[in-house]
Amino acid sequence: MPSKRYKKALELVESTKLYPLNAAVDILIKFPKAKFNETVEVAFKLGVDAKQSDQMVRGTVPLPHGSGKTVRVLVFAKNGNAADAARAAGAEFVGFDDLIKKCVEGWNDFDIAIATPEAMSEVRKLGKVLGPRGLMPNPKTGTVTDDTAKAVREVKAGRVEFKIDKAGNLHVPVGKVSFTPVQIQENARAVIEVVSKSKPSSSKGVFILSCTLSSTMSPPVRVDVREFLAAA
């Protein structure tokens, strides 16, 4: 059963109406608040066949105002400059054989994994462990690199990854309800702009079937993305 708070929120939004992004944010911040700092998320339903490898939609986007989340970063790197640079940039966990062993044993107390190209020869073996949790380093998302310091700084500053699920959906966090309306709007705009330009060349027809803005405990607000598609 929907809570009283959820029912009150439903009274503030028309479920079938498409709202310009700024109006969608204005409605979202008027929703009754939960007792914790909810995450704000943009969700997409994409017109692609997620089963086709050439229609995969994934990438990264730096949020202008960060995600509002403390990101714990693990870096797989052998002793040397890359490992030292990662530590200096603020990575919580840096190592090679020791961290690989811990991951094999089931440890995953981190949010992002970064690896040097040299380390990937062994880290690749963790695919079955890290892959299902979305933690596997990948060159396409900038998490396989020799410039570990840059990668650590970017994810700490609020760079988020996105990847469609098997049903062709994308869910991307864009901040917290404690953010100002302008911060939420600018973060959401950055994500929508990047996703709207990510249509695979092999995909035909409408790319973004729907886009909604919501917080952890709120109903979704439908966002009109026509302005973004026109600029894509």
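To be clear, the structure that these remarks concern was listed above.
The structure displayed is predicted, hence computed values, not measured ones. All residue numbers here refer to positions counted from 1 along the written sequence of the relevant chain. In keeping with the model being predicted, local features are shown solely for residues with a pLDDT of at least 70 and side-chain atom pairs are shown and tallied solely at 80 or more, while totals for entire chains, interfaces and linings include all residues. Calculation of side-chain values draws on the structure's entire complement of heavy atoms; hydrogens and water are dropped beforehand.

> Quick question: what am I supposed to make of the overall build of the chain here?
Looking only at helices and strands, the chain features nine helices and nine strands. Radius of gyration: C-alpha atoms only; globule rule: 2.2 Å multiplied by the number of residues to the exponent 0.38. A globule of 232 residues ought to have a C-alpha radius of gyration of about 17 Å, and the chain, at 19 Å, matches this closely. C-alpha atoms of the chain, sized along the principal axes, occupy 55 × 45 × 35 Å. Out of the 232 residues in the chain, the part that is buried amounts to 45%. Across the chain, the fraction of contacts at a sequence separation of at least 24, relative to all contacts at a separation of at least 6, is 74%. Only the protein chains shown count as cover for residues, and all accessible areas are computed by the Shrake-Rupley method using a 1.4 Å probe. About 12,100 Å² of surface is accessible on the chain, with carbon and sulfur atoms providing 51% of the total. Strands are runs of DSSP state E lasting at least 2 residues, helices are runs of H or I lasting at least 4, and numbering of each runs from the N terminus. Only protein chains enter the accessibility calculation, which uses a 1.4 Å probe; a residue whose area is less than 20% of its type maximum is buried, one above 50% is exposed, and one in between is partly exposed. Whether two residues are in contact is decided by their heavy atoms, any of which lying within 4.5 Å being enough.

> Which parts of the structure should I look at to understand the side chain of threonine 148?
Within the fold, threonine 148 resides in helix 7 (residues 148-157). Judged by its relative accessible area of 0%, threonine 148 is buried. Setting aside residues up to four positions removed in sequence, threonine 148 forms contacts with Val75, Ala82, Ala85, Ala86 and Thr116.

> Help me understand the sheet that holds strand 5 (residues 112-115) in this model?
Two pairing modes exist for strands in a sheet, parallel and antiparallel, and in both the strands are linked by backbone hydrogen bonds. Pairing in this open sheet of three strands is parallel, and the strands run 4-3-5 from one edge to the other. One side of each edge strand has no neighbouring strand; the edge strands of this open sheet are strand 4 (93-95) and strand 5. Within the sheet, the average angular offset between the axes of one strand and its neighbour, ignoring direction, is 15°. Any two strands between which DSSP finds at least two bridges are classified as paired. Bridging between strand 3 (residues 73-76) and strand 4 involves three bridges; their strand directions are parallel. Each bridged residue has a counterpart across the sheet, and for leucine 74 the counterpart in strand 4 is phenylalanine 93. Only C-alpha atoms enter the line fits that serve as axes; for helices the fit covers just the stretch in contact. Angles between N-to-C directions range over 0 to 180 degrees.

> It is not clear to me how the nonpolar core should be interpreted in this structure. Could you clarify?
If you look at soluble globular proteins, the nonpolar side chains tend to sit buried side by side. We call a set of buried Ala, Val, Leu, Ile, Met, Phe, Trp, Tyr and Cys residues a nonpolar core when their side-chain atoms join them within 4.5 Å. Membership of the largest hydrophobic core comes to 40 residues, with the highest contact counts inside it found for Phe44, Leu46, Ile192 and Leu213. Residue assignment for this core shows that the elements contributing at least two residues are helix 2 (21-30), strand 1 (39-46), strand 6 (159-163), strand 7 (169-176), helix 8 (181-196) and strand 8 (208-215). Top element by residues in this core is helix 8. It accounts for six residues. In this view, leucine 213 contacts Ala24, Val25, Leu28, Val40, Glu41, Val42, Val174, Pro219, Pro220, Val221 and Val223; residues no more than four positions away in its chain are not counted.

> Looking at this structure, how should I read the packing of aromatic side chains?
Aromatic rings in a pair are described by how distant their centres are and how their planes are angled relative to each other. Only the six-membered ring of Trp is used, alongside the rings of Phe and Tyr, when aromatic pairs are assigned; centres must lie within 6.5 Å, and planes under 30 degrees apart are stacked while those over 60 apart are edge-to-face, with the rest tilted. One pass over the structure, following the stated rule, counts two aromatic pairs. Both rings, one in phenylalanine 93 and one in tryptophan 107, keep their centres 5.0 Å apart while their planes meet at 85°; by these two values the pair is edge-to-face. On the criterion of sequence distance, the pair formed by phenylalanine 93 in strand 4 and tryptophan 107 in the loop between helix 4 (97-104) and strand 5 is long-range, its members being 14 residues apart. Classification of phenylalanine 93 as partly exposed rests on a relative accessible area of 24%. Residue class for tryptophan 107 comes out buried when judged on its relative accessible area of 18%. For the ring pair tryptophan 107 and phenylalanine 110, a centre distance of 5.2 Å and an interplane angle of 45° mean the geometry is tilted. Judged by its relative accessible area of 3%, phenylalanine 110 is buried. One aromatic cluster is present, formed by Phe93, Trp107 and Phe110 through successive ring pairs. The ring of tryptophan 107 carries lysine 102 above its face, with NZ or CZ at 4.1 Å from the centroid. Geometrically, a charge over a ring is one whose NZ (Lys) or CZ (Arg) sits within 6 Å of the ring centre while staying within 35 degrees of the ring normal.

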